[in-house]
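Breakdown of the fold
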Amino acid sequence: MARRLFISAIVAVTAVSTLSACGGEATTPSGDAKTKITFWDDNGGPARTPVWEHIIAEFEKANPTVDVQYVGIPIAQAQQKYDTAIAGGGLPDVGGVSTAMLGNMVARKALDAVDDRIAGGGLNGKLNEQVVNTVKATVPDGKTYMVPLSTNMGVFWYRTDWLKEAGLEPPQTWDAFFSTVEKLTDKDQNRNGFTIRGAAGSIAQMLEVVYGQSGITEIFDAAGKSTVNDPKNVAALERLVKLYKAHTPTADVTNDYPKMVAQFDGGSIGIMQHNLGSYNDHVNTLGADKVAALPVPRPAEGAGRVVLSNPVAGIGVFSSGKNKDLAFKFAEFAASKEMDSYWADKTGVLPANTEVNGEAWIGERQHISAAVEVLNDPATKIVQMPYYLPEFNAITKTDAEPVFQKVLLGEAPASQLLDQIANALTEAQAGWKQRNGG
């Protein structure tokens, strides 16, 4: 597709703005006028660009008078490109957005709410309620400022062959989980039941274990105080920390994602916590018959699972666009059953459109089908993480990760870490509400 354009990380923003002017006309080979809309892909590259090219081609086939101009932006540059275009003009008609950037965009009035359009169109009643709630939770007015396509989910990858050797079933509750970790540990054979991510990216995984055990379902209580340091969460973290060294590698305190994967795929770990995105790493190394995904365990037998929200990927309709009806039509098409199924299948994520749940490819992939079942279970409770807070990354990464390492090493109590995170989140939430009239 010669007219398709991929923008590399070094292309100037001014060039992007020039190339992506909203609206316009093109012509068909017969000379008839075609309506042009511009679509920015916020994760352009070899993996995602071909997927969007297929979706665009199918949309244009169904709408022969429309010309969709594709602009691929590397994910590391997407936020900057959008920020620059919001400030200086040149936004597209429609573009890929995630909940991680949604709050900033809405505060700057860059996106249109699409609640009424969804309710009056083909997606009405077909989008997963949990996913939609995550989108709404990122903005002050609780509206839907993008058409959701997909999300991810935290899971626990486990060695099916190890469990089989030990005569164990995949643990469904946290009590069973900790018991299984202990039984899989055999230091003489260099086998550790679990691995705790102690370095970069550790806090999100720690909070998933903590809230999953405690069963607390809100990150803030009614008064706006963070629940992170609730006594139930403190007890849950203390239980996790007790696994360190006894049932995990000593190196866990400085292990990031690549090191965790190297240990798990290298054959010295029984269970590893991550998300659906690491499937190919494990299968390519261990084989599909030796690894499977376990959803976040239940707080107790028969109780609903409590999982942390993951960022949602979707498509936003920009307020400055000249062809908003057509822009939404494209977003709606991308989120339709056939296209959302194609998107989720090719990118390894969970589809937002519930009509995709019955597709054959989902049933053929254990990790996806397990996650879809949890996501669509009415008993599942999702703790909506405040990704919209500008301070969120600093609070949960820069500030908290070194303290978590001290907790693992026994140099600080679990309560100190959770108090620090809770106090910072409470303060940030209060500031956010004040700024947004909450």
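In what follows, the structure referred to is the one given above.
Let me begin by describing the structure that accompanies this report. (Residues numbered from 1 in each chain as written. Predicted model: local features only at pLDDT ≥ 70, side-chain atom pairs only at ≥ 80, totals over all residues. Heavy atoms only, no water.)

For the chain, the count of helices and strands is 19 helices and 14 strands. Principal axes of the C-alpha set define a box for the chain whose edges measure 75 × 50 × 40 Å. Within the chain, the proportion of its 438 residues that are buried is 54%. Taken as a whole, the chain presents about 18100 Å² of accessible surface, with 50% of it coming from carbon and sulfur. Each charge class in the chain can be summarised by its mean position, and for the 39 positive and 49 negative side chains these summaries are 2 Å apart. (Helix = DSSP H or I, 4+ residues; strand = E, 2+ residues; numbered from the N terminus. Buried < 20%, exposed > 50% of the residue type's maximum accessible area, 1.4 Å probe, protein only. Areas by Shrake-Rupley, 256 points an atom, 1.4 Å probe, with all protein chains shown as cover. Lys, Arg positive; Asp, Glu negative; His and termini not counted. Charge placed at Lys NZ, Arg CZ, Asp CG, Glu CD.)

Time to look at the packing of aromatic side chains. Remark: the centre distance and the inter-plane angle together describe each pair of aromatic rings, the angle taken between the planes. Taken as a whole and judged by the stated rule, the model has 19 aromatic pairs. Taking 5.4 Å as the distance between ring centres and 65° as the angle between the ring planes, the aromatic pair formed by F59 and F333 counts as edge-to-face. Residue F59 is found in helix α2 (residues 49-62), and its partner F333 is found in helix α13 (residues 324-334); the two are separated by 274 residues along the sequence. For F59, a relative accessible area of 0% corresponds to the buried category. Site record: aromatic cluster; members linked through ring pairs are F39, W52, F59, Y70, F330, F333 and W343. Directly above the aromatic system of W162 lies the positively charged group of R191, at a separation of 4.2 Å from the ring centroid. (Phe/Tyr/Trp six-rings, centres within 6.5 Å; stacked < 30°, edge-to-face > 60°. Lys NZ or Arg CZ within 6 Å of the ring centre and 35° of its normal.)

Moving on to helix α14 (residues 337-347). Turning to α14, its buried residues are M339, D340, S341, W343, A344 and T347. Considering only its buried residues, α14 is in contact with α2, β6 (147-151), α13, β13 (350-351) and α15 (360-363). Of the residues trailing α14, G348 is marked for its positive phi of about 70°. (Contact = heavy atoms within 4.5 Å.)

Another point: the nonpolar core. One finds W52, M206, L237 and F330 to be the most contacted residues of the largest nonpolar core, which totals 134 residues. Element by element, the count of residues in this core is highest for helix α19 (residues 414-435), at eight residues. (Core = buried A, V, L, I, M, F, W, Y, C linked by side-chain atoms within 4.5 Å.)

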